[in-house]
Amino acid sequence: MREWWQKLSGRERRTLGLGGMALAAILFYFLLWQPLSQNTAQLERDLREARDLLSWMQPAVAEIRALGGIADGPTNVGRDRALFALADQHAREAGLGRSLEQVEPMADGSARVVLEQVGFDQLVRWLGSLRTGHGVEATSVSLRRAEVEGRVNAQIVLQRPDS
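Not measured: the values here are computed from a predicted model. (Residues numbered from 1 in each chain as written. Predicted model: local features only at pLDDT ≥ 70, side-chain atom pairs only at ≥ 80, totals over all residues. Heavy atoms only, no water.)

## Here we look at the overall build of the chain
- Assigned secondary structure in the chain consists of 4 helices and 4 strands.
- Tracing the chain from N to C terminus, the helices and strands come up as α-α-α-β-β-α-β-β.
- Dimensions along the principal axes, computed over C-alpha positions, put the chain at roughly 95 × 45 × 30 Å.
- The buried share among the 163 residues of the chain stands at 21%.
- Of all intrachain contacts in the chain linking residues separated by at least 6 positions in sequence, the fraction that spans at least 24 positions is 53%.
- Across the chain, 20 positive and 20 negative side-chain charges occur, with their mean positions spaced 11 Å apart. (Helix = DSSP H or I, 4+ residues; strand = E, 2+ residues; numbered from the N terminus. Buried < 20%, exposed > 50% of the residue type's maximum accessible area, 1.4 Å probe, protein only. Contact = heavy atoms within 4.5 Å. Lys, Arg positive; Asp, Glu negative; His and termini not counted. Charge placed at Lys NZ, Arg CZ, Asp CG, Glu CD.)

Structure below.
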């Protein structure tokens, strides 16, 4: 390569040198500068939209709370009831009655719930509702895929955090 360069005339070397610098500048612009500046602009737009959404949501949440639509935390409804009875009733109210095979109390105050052929999404919503509405947590969850797509067989241990 060095011999080839040395055989070139001064004019050819300058032309190739300038062409190489121009190519390097073009590659730098199209491979680095332009993608970075486009990503930065998109991220700035996304951030602006997220801030606008947050500024709209904060007063809306306060208004909903004032109207009684959102509780500040888990309610005390059902705190005086046995956990297994609460879980049974709440599962039936959530439409899981057909899938509910067994609800049994455990010695430590927790409850074991067995569900067969339950819709996965419905199960997750029910567990979330127990958590937000009653402060009940699933401390152990065992899932097996059922024959029907989107359905599972589940064994769940529920517990109140303070027990």
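## Quick notes on unusual backbone geometry
- Backbone geometry at Gln 117 places phi at a positive 55 degrees, although glycine is not the residue there.
- Summarising the element assignment, Gln 117 is placed in strand β2 (residues 111-119).

## Regarding the pairing of strand β1 (residues 100-105)
- In terms of strand pairing, β1 meets β2 through 5 bridges, oriented antiparallel. Within β2, the position partnered with Leu 100 by the bridge is Leu 115.
- Between the end of β1 and the start of β2, which pair antiparallel, lie 5 residues, with Gly 109 showing a positive phi angle near 95 degrees. (Pairing = 2+ DSSP bridges.)

## Observations concerning helix α3 (residues 83-93)
- Taken together, the buried positions of α3 are occupied by Leu 83, Leu 86, Ala 87, His 90 and Ala 91. Down the axis of α3, the smallest arc covering the buried residues is 125 degrees, so these residues share one side.
- Against the buried residues of α3 lie β1, β2, α4 (120-134) and β4 (151-159).
- Once α3 ends, the next one or two residues include Gly 95, with phi positive near 85 degrees. (Arc of directions from axis to C-beta.)

## So, a nonpolar patch on the surface
- Together, Leu 23, Ile 26, Leu 27, Phe 28, Tyr 29, Phe 30, Leu 31, Leu 32, Trp 33 and Leu 36 give the surface a local cluster of nonpolar side chains, amounting to about 1100 Å² of exposed area.
- Within the secondary structure, Leu 23 sits in helix α2 (residues 10-66). (Patch = residues over 30% accessible without salt bridge, like charges linked within 9 Å, V, L, I, M, F, W, Y side chains within 5 Å. Areas by Shrake-Rupley, 256 points an atom, 1.4 Å probe, with all protein chains shown as cover. Salt bridge = Lys/Arg side-chain N within 4 Å of Asp/Glu carboxyl O.)

## Description of the packing of aromatic side chains
- A full pass over the atoms with the stated rule returns 2 aromatic pairs.
- Taking 6.4 Å as the distance between ring centres and 50 degrees as the angle between the ring planes, the aromatic pair formed by Trp 4 and Trp 5 counts as tilted.
- According to the relative accessible area criterion, Trp 5 is partly exposed, its value standing at 33%. (Phe/Tyr/Trp six-rings, centres within 6.5 Å; stacked < 30°, edge-to-face > 60°.)

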